[in-house]
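Breakdown of the fold
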Amino acid sequence: MGNWWLSPFCRIFPEVKNVKVVAGVDLGGNAVNYTLVNANERFLIEGLCEHPARSKEGPGICLQQIEDGLKIAAEKAEVALEDIVVVGLDTPGPASSTGVLSAKGSTNFVHKDWAGFDIRDGLAKKLGKPVTYLNDGNAGALWGHFVLFGSSRKETSVSAVIGTGLGGGVIIGGNDVKGRKGFGGELGHVLLPYQSIVGTEGMAPHCNCGRTGDLESVCSLTAIENTLLPYFLPKFPGHELGKMDLHKAAKLVRGMAEKGDALSREVFRVQAHGLGLFFDEMINTFDPDALIVGGGAIETGLEFQQWFISEIRKGMPKQREEQVDIPIHIMPNGDTAGARGAAVEALKLAREGGLL
Ligand SMILES: [Zn+2]
């Protein structure tokens, strides 16, 4: 059998059990997603570790769900709950920079007790641990930045995450720009000169926020349903997407674009060119080290991702010679980016407080 008791695993095992870690907790509409990270920046959970959110039932039940799921995640990673020294939380907005949810409520926090609820403080009291807070877009952006630049404080990046809406964030010196009231990095509502996108004459992209022609009104799943399909379907008479409900059709466009369907490619070309105009604004504002694209829209094969990035570049006005090489990356670990970014924020607090 050999000297199994002398194996490295045997000797390391007790140390692994006592290692201090931080947690990332991504509270979404239906599920809570978890990750755990140690001081060496190693992520201890592979893939998704999910628990039902039950956020529709109000703060009491939802915070209990978060705690229950955290215990399961800790077991999965073979970490004791008391060795989690800081918890990083991220949720959909609108919320203040410190995690006070909007008094007007929101799509994901419809129960009346959520109005004006301090979710960061509520979770800190529930768990008896320090808790950091980011909105989900900013958490994703922080993850994308961390993958490229680690804990370095020098670089700047801008991330756009294309989902039902458009989220993202701006990272400067390793920190999210949260802004005065928590609306820093609300990239979806930045206005674009959308009239300059070729092949969109007469298109009027309206956003739910009341603006016409902001990034989300051109570049999101909602934009496909509300603006892009109604605009392009009449130009493709007899197209199969014209025979079904727009809400259902919008969800099929990505898959069909990937297979080369001409209408669906047009929809994605317009979105990419809209993003190109937006990135041009960001390049001139921040001169960033990297631009990052994430979200459901580009959770596709590599070939489609590369085509989409090349279309983003085609949609950009001519760049200065010094800036043409600013890279455009695809957000890694798309479905766990929020939890991972929240954990990176927790890691910063743990280090500053000497807890790791
Ligand atoms: Zn808007």
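Treat the numbers as computed from the prediction; the structure is a model and nothing was measured.

Here five strands make up an open sheet; going across it, the order is β8-β7-β6-β9-β10 and the pairing mixed. The open sheet has two free edges, formed respectively by β8 (175-176) and β10 (328-330), since each of these has just one partner strand.

Interface size is often expressed as the accessible area that is lost when the parts come together. Segmentation of the protein into domains returns domain 1 (19-143 + 336-352) and domain 2 (152-331). One C-alpha centre belongs to domain 1, the other to domain 2; they are set 27 Å apart. Contact residues are listed per partner, giving 11 residues for domain 1 and 14 residues for domain 2. The biggest single contributor to the side of domain 1 that touches domain 2 is helix α4 (residues 136-149), with six residues. Tallied by class, the residues present in the side of domain 1 that touches domain 2 amount to five nonpolar, five polar and one charged.

In this section: the nonpolar core. Judged by nonpolar contacts, the single largest core of 94 residues is most densely connected at Val-22, Ala-23 and Val-25. Per-element accounting of this core gives the leading share, nine residues, to helix α8 (residues 262-286). Not counting the four nearest positions on each side in its chain, Ala-23 is found in contact with Tyr-34, Leu-36, Leu-70, Ala-73, Ile-84, Val-87, Gly-88, Ala-343 and Ala-346.

An order of β3-β2-β1-β4-β5 is seen for the five strands of this open sheet, with the pairing classed as mixed. The two strands at the open ends of the sheet, each matched to only one other strand, are β3 (50-52) and β5 (131-135). Across the sheet, the mean angle separating the axes of adjacent strands is 25° when strand polarity is ignored. For strand β1 (residues 21-27) and strand β2 (residues 31-38), the ladder comprises seven bridges, and the chain directions are antiparallel. Residue pairing in the sheet places Val-22 in a bridge with Val-37 of β2. Helix α2 (residues 59-76) contacts β1, β2, β3 and β4 (84-91) of the sheet and is inclined by roughly 45° relative to β2. Packing of helix α10 (residues 337-352) onto the sheet brings it into contact with β1, β2, β4 and β5, and relative to β1 it is tilted by some 140°.

Another point: the pairing of β1. For β1, the buried fraction is high: seven of the seven residues fall into the buried class. The two faces of β1 match: Val-21, Ala-23, Val-25 and Leu-27 on one face and Val-22, Gly-24 and Asp-26 on the other face are all buried. Between the antiparallel neighbours β1 and β2 lie three residues. For β1 and β4, the ladder comprises six bridges, and the chain directions are parallel. Bridged to Asp-26 within β4 is Asp-90.

Extensive coverage of β5 is indicated by the burial of five of its five residues. On β5, burial covers both faces: Val-131, Tyr-133 and Asn-135 on one face and Thr-132 and Leu-134 on the other are all buried. Strand direction decides the pairing type here: β4 and β5, joined by five bridges, are parallel. Bridged to Thr-91 within β5 is Asn-135.

Glancing now at unusual backbone geometry. With the exception of glycine, most residues fall at negative phi, and the peptide bonds are largely trans. Here the amide bond leading from Gly-93 into Pro-94 is cis, since omega sits at -5°, within 30 degrees of zero. Relative to the helices and strands, Pro-94 is located in the loop between β4 and α3 (119-127). Phi is positive for Arg-54, which is not a glycine, with a value near 50°. Mapped onto the elements, Arg-54 comes out in the loop between β3 and α2. Among the residues examined, Arg-54 registers 18 C-beta atoms within 10 Å and is labelled partly exposed. The backbone of Glu-78 sits at a positive phi, close to 60°, despite the residue not being glycine. For Glu-78, the location among the structural elements is in the loop between α2 and β4. What makes Glu-78 exposed here is the crowd of 12 C-beta atoms within 10 Å.

Reading the values: rules and limits
Here the residue numbers are simple positions, counted from 1 along each chain's written sequence. Per-residue local features are limited, in this predicted model, to residues with pLDDT of at least 70; the limit for side-chain atom pairs, both in listing and counting, is 80 or more; totals at the level of whole chains, interfaces and linings are taken over all residues. At least two bridges found by DSSP between two strands are what make those strands a pair. Labels follow the DSSP assignment, with helices taken as runs of H or I lasting at least four residues and strands as runs of E lasting at least two, numbered in each case from the N terminus. As annotated, the domain borders come from an automatic or database domain assignment. Whether two residues are in contact is decided by their C-beta atoms, placed from the backbone, lying within 7 Å. Note on residue classes: Ala, Val, Leu, Ile, Met, Phe, Trp, Tyr, Cys and Pro are nonpolar, Asp, Glu, Lys and Arg are charged, and everything else, Gly too, is polar. A set of buried Ala, Val, Leu, Ile, Met, Phe, Trp, Tyr and Cys residues, joined to one another through C-beta atoms within 7 Å, is what we call a nonpolar core. Around each residue's C-beta, the other C-beta atoms within 10 Å are counted; 20 or more make the residue buried, 12 or fewer make it exposed, and counts in between make it partly exposed. All C-beta atoms are placed from the backbone. Note on geometry: axes are lines fitted to C-alpha atoms, helical ones only across the stretch in contact, with angles between N-to-C directions running from 0 to 180 degrees.

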